[in-house]
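# A closer look at the structure
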Amino acid sequence: MQTIALALEPHPYAIHVGHGVLSRLGELCRAAGLGRQVALITDHTVAGLHLAPAAASLREAGFEVTEVRFAGTDAAKNLRTAEKIFGQLIQAGLDRTAWVLALGGGVVGDLAGFVAATFLRGIPFVQVPTTIVSQVDASIGGKTGVNHALGKNMIGAFHQPRLVCIDTALLHTLPRRELVAGMAEVVKHALIRDPELFAFLERHIEQVVGLELDPDELDWLIAGNARIKAEVVAADEKEGELRAILNYGHTIGHAIESASQYGYLHGEAVILGMVGAGELAVQRGMWDPVERERQDLLLVRLGIPSGLSRLNTDLIVERTRADKKRLEGRHRFVLPRRIGQVEIVDGVSDAQVRAAVEYVQTRHP
Ligand SMILES: NC(=O)c1ccc[n+]([C@@H]2O[C@H](COP(=O)([O-])OP(=O)(O)OC[C@H]3O[C@@H](n4cnc5c(N)ncnc54)[C@H](O)[C@@H]3O)[C@@H](O)[C@H]2O)c1
Ligand SMILES: [Zn+2]
């Protein structure tokens, strides 16, 4: 097990990473000084696979566990579900000394974190992420929230976890489509910050997605990526310039998610968004086309989803305008300068965005 320290004030926290960490969950939560009562929130799928060992480890360490399950889809990540869960916590007699444990992917983490941020005006919570997306991204950084009928993640709060426990062995039950989508965020991390990680992915992408890495290598990969997220968050907790680089591939990606009415998984849309952002960077003369080809080849090997040519180009361009990250009416993009280094570029025109989207639609119909 390796431990990454996230030095946030006033509550620094530890991120433990390793295969088999779940069996030590109770002990690690004890060491973090958490109260006796815990609400373990998970979804039905993860409950069937990984709830028993998690709950057993907590009970062995003396915790009193209330199990809470919900559908675990983005459609269920809403205020109605949160309200139902508040009711279950009140009925279970949880008080201010209690805490929440999120066992699942980003949907569970965001919703359980939001419940923890707001129940009794905020109680501690622990993240036990079970997808690649949540292990390298969503569980770290304290963004919690739910969707509104008029937009994703529109309601929420910053609430940092007390502890993050990442068991890489849990990834072995993930469907391949989720693995590919999750790896989009790993490729993103390599592009924005880590040329060595990029080179590793060029050597091993098929093995990663086939879950054929040996356990120590997988630990190295996930820990390295959790560390990248943690470093960016530590330098910039509330989404200023630095944290914004995590949005590489996300401006066009979010627009595609929304224009397709969420027909793509988030990571799949980010793969398409990175191809689009790469094209924008090449068109602006800021990125070497040879490096762009390396990015795109890696993404082809990972798996570029099809069907984009069926979406209306104007609709996608229009949806990039609705991006929450857009500032004062200008398109703001995170674009590569070289593999491992990106820049924030303001003032990208609609026409340039349109050309980039068309490029992705033609190249990867
Ligand atoms: N808070 C943040 O900073 C942040 C960052 C990125 C994404 N998100 C949010 O995260 C959500 C997406 O998260 P996600 O990609 O983890 O998807 P997810 O939580 O929807 O999980 C994907 C699917 O995999 C299943 N699953 C989870 N773990 C499994 C396992 N170990 N084995 C088998 N099946 C498993 C789930 O039940 C679900 O069906 C979105 O709601 C997004 O908004 C939040
Ligand atoms: Zn993302």
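Predicted model, so just to flag it, every value in this text is computed and none were measured.

### Observations concerning the coordination of the zinc ion (ligand 2)
Every protein donor of the zinc ion (ligand 2) is listed here as Glu185 (OE), His250 (NE2) and His266 (NE2), and their distances to the metal cover 2.0 to 2.1 Å. Site description for the zinc ion (ligand 2): donor spacing in sequence, E-x64-H-x15-H. A residue pair is termed long-range when its members are at least 10 positions apart, and Glu185 in helix 6 (residues 176-193) and His250 in helix 10 (residues 250-259) qualify at 65 residues. Summarising the burial analysis for this pair, Glu185 and His250 share the class buried.

### Let's talk about the site of ligand 1
Around ligand 1, the surrounding shell holds 24 residues, and the nearest of these are Asp43, Gly106, Thr130, Thr131 and Thr173. Backbone polar atom of Leu170 to a nitrogen atom of ligand 1: 3.0 Å apart, as the coordinates give it. In the model, a nitrogen atom of ligand 1 is placed 2.6 Å from a nitrogen or oxygen of the Thr173 side chain. The fraction of the free accessible surface of ligand 1 (870 Å²) that becomes covered by protein chains is 85%. Broken down by secondary-structure element, the contributors of at least two residues to the shell around ligand 1 are helix 2 (44-60), helix 4 (106-118), helix 5 (132-138) and strand 8 (151-158). Here the shell around ligand 1 gets four residues from one element, more than from any other, and that element is helix 2. Of the residues in the shell around ligand 1, the class split is seven nonpolar, eight polar and nine charged.

### Structural notes on the sheet that holds strand 5 (residues 99-104)
Strand order in the open sheet formed by seven strands is 1-2-9-6-5-3-4, with mixed pairing between adjacent strands. Looking at strand neighbours, the two that pair on one side only are strand 1 (2-6) and strand 4 (64-70), the edges of this open sheet. Adjacent strand axes in the sheet meet at a mean angle of 20°, parallel and antiparallel pairs treated alike. Across five bridges, strand 1 lies against strand 2 (residues 13-18) in antiparallel orientation. By the bridge assignment, Leu6 is partnered in strand 2 with Tyr13. Along the sheet face, helix 4 touches strand 3 (37-43), strand 4, strand 5 and strand 6 (125-129) and points at about 170° away from the line of strand 5. Contacts from helix 8 (residues 215-235) reach strand 1, strand 2 and strand 9 (163-167), with the element oriented near 10° to strand 1.

### A short note on the side chain of His331
Tracing the chain through its elements places His331 in strand 10 (residues 331-338). A distance of 2.6 Å separates a polar atom in the side chain of His331 from a polar atom in the side chain of Asp350.

### Section: the packing of helix 6 against helix 7 (residues 195-209)
Two numbers describe how helix 6 lies on helix 7: the axes approach to 9 Å, and their chain directions differ by 165°. With respect to helix 7, the element helix 6 is oriented roughly antiparallel. Here the hand of the crossing between helix 6 and helix 7 comes out left-handed. Residues Arg176, Leu179, Val180, Met183, Val186, Val187, His189, Ala190, Leu191 and Arg193 of helix 6 form the contact with helix 7, whose participating residues are Pro195, Leu197, Phe198, Leu201, Ile205, Val208 and Val209. Among the residues making up the contact of helix 6 with helix 7, the classes are represented as 14 nonpolar, one polar and two charged.

### Comments concerning helix 14 (residues 350-363)
For helix 14, spanning 14 residues, the distance from its first C-alpha to its last is 20 Å, which sits close to the expected 20 Å at 1.5 Å a residue. Along helix 14, the residues classified as buried are Val353, Ala356, Val357, Tyr359, Val360 and Gln361. Considering only its buried residues, helix 14 is in contact with helix 10, helix 11 (266-283), helix 12 (289-302), helix 13 (313-321), strand 10 and strand 11 (341-348).

### Observations regarding the domain arrangement of the protein chain
Domain annotation for the protein chain reports domain 1 (2-173) and domain 2 (180-363). Each of domain 1 and domain 2 has a C-alpha centre, and these two points are 27 Å apart. Each partner contributes to the interface: domain 1 provides 26 residues, whereas domain 2 provides 28 residues. Buried surface at the junction of domain 1 and domain 2, summed over both partners, amounts to about 2400 Å²; 66% is from carbon and sulfur atoms. Run the count over domain 1 and domain 2 and you get two salt bridges. Between the two partners, domain 1 and domain 2, sit five residue pairs in polar contact (both at pLDDT 80 or more). When residues of the side of domain 1 that touches domain 2 are traced back to their parent elements, those giving at least two are strand 1, strand 2, helix 5 and strand 8. Considering every element that reaches the side of domain 1 that touches domain 2, the biggest residue donor is helix 5, with five residues. Split into classes, the residues belonging to the side of domain 1 that touches domain 2 amount to 13 nonpolar, nine polar and four charged.

### Regarding the nonpolar core
Counting residues in each nonpolar core, the largest one holds 80 residues, and the members touching the most others are Ile15, Met183, Leu201, Leu221, Ile256 and Leu302. In terms of nonpolar packing, the next biggest core, distinct from the first, is built from 26 residues, Leu22, Leu28, Leu34 and Leu103 among them.

### A closer look at the packing of aromatic side chains
In this description, a pair of aromatic rings is defined by centroid distance and the angle of the planes. Tallying each qualifying case throughout the model produces three aromatic pairs. Plain terms: the ring middles of Phe63 and Trp99 are 5.4 Å apart, the flat faces sit at 80° to each other, and that makes the pair edge-to-face. Here Phe63 is found in the loop between helix 2 and strand 4, whereas its partner Trp99 is found in strand 5, with 36 residues between them in sequence. On the basis of relative accessibility, which here comes to 5%, the residue Phe63 falls in the buried class. On the basis of relative accessibility, which here comes to 0%, the residue Trp99 falls in the buried class. Both rings, one in Phe200 and one in Trp220, keep their centres 4.7 Å apart while their planes meet at 55°; by these two values the pair is tilted. One end of the pair, Phe200, is in helix 7; the other, Trp220, is in helix 8, with 20 residues separating them in the sequence. Lying across the ring of Phe63, Arg30 places its NZ or CZ 5.3 Å from the centre.

Conventions adopted
Numbering of residues begins from 1 in every chain and follows the order in which that chain's sequence is written. Whichever chain is written first becomes A and whichever ligand is written first becomes 1, with later ones labelled in order. This being a predicted model, a pLDDT of at least 70 is required before a residue's local features are given, and a value of 80 or more before pairs of side-chain atoms are given or counted; all residues contribute to the totals for chains, interfaces and linings. Based on all heavy atoms of the structure, the side-chain values leave hydrogens and waters out of the count. Only nitrogen, oxygen and sulfur atoms qualify as donors, and only when within 2.8 Å of the metal (3.2 Å in the case of Na, K and Ca); with water excluded, sites may look incomplete. Every helix listed is a DSSP run of H or I at least four residues long, and every strand listed is a run of E at least two residues long, numbered separately from the N terminus. Using a 1.4 Å probe on the protein chains alone, a residue whose accessible area is under 20% of its type maximum counts as buried, one over 50% counts as exposed, and one in between counts as partly exposed. If a single non-hydrogen atom of a residue is within 4 Å of a molecule or strand, that residue counts as near it. In protein, a polar contact requires one atom able to donate a hydrogen and another able to accept it; more generally it is a pair of N or O atoms within 3.5 Å, and residues adjacent in sequence count only if both atoms are side-chain atoms. Surface accessibility in these figures is a Shrake-Rupley result with a 1.4 Å probe; residues are shielded only by whichever protein chains are displayed. Under the scheme applied here, ten amino acids are nonpolar (Ala, Val, Leu, Ile, Met, Phe, Trp, Tyr, Cys and Pro), four are charged (Asp, Glu, Lys and Arg), and all others, including Gly, are polar. Two strands are counted as paired when DSSP detects at least two bridges linking them. As a rule, the C-alpha atoms of each element are fitted with a line to give its axis, helices using only the stretch in contact, and angles between N-to-C directions run from 0 to 180 degrees. The criterion used for residue contact is that any of the two residues' heavy atoms lie within 4.5 Å. Working definition: roughly parallel below 35 degrees, roughly antiparallel above 145 degrees, roughly perpendicular at 65 to 115 degrees, and oblique for all remaining angles. The crossing is said to be left-handed when, going from far helix to near helix, the turn is anticlockwise and less than a right angle, and right-handed when the turn is clockwise. Helices are assigned an expected span. That span is 1.5 Å times one less than the residue count. For the domain bounds, the source is a domain assignment made automatically or taken from a database. Put simply, buried area is how much 1.4 Å-probe accessible surface two parts lose in total, over both of them, once they are put together. Salt bridges are defined by distance alone: a side-chain nitrogen of Lys or Arg within 4 Å of a carboxyl oxygen of Asp or Glu. In this description, a nonpolar core means a group of buried Ala, Val, Leu, Ile, Met, Phe, Trp, Tyr and Cys residues linked to one another through side-chain atoms lying within 4.5 Å. What counts as a ring pair is set by centres within 6.5 Å for rings of Phe, Tyr and Trp (its six-membered ring), and what kind of pair is set by the plane angle: stacked under 30 degrees, edge-to-face over 60, tilted for all other angles. Our definition puts a charge over a ring when NZ of Lys or CZ of Arg is within 6 Å of the ring centre and also within 35 degrees of the ring normal.

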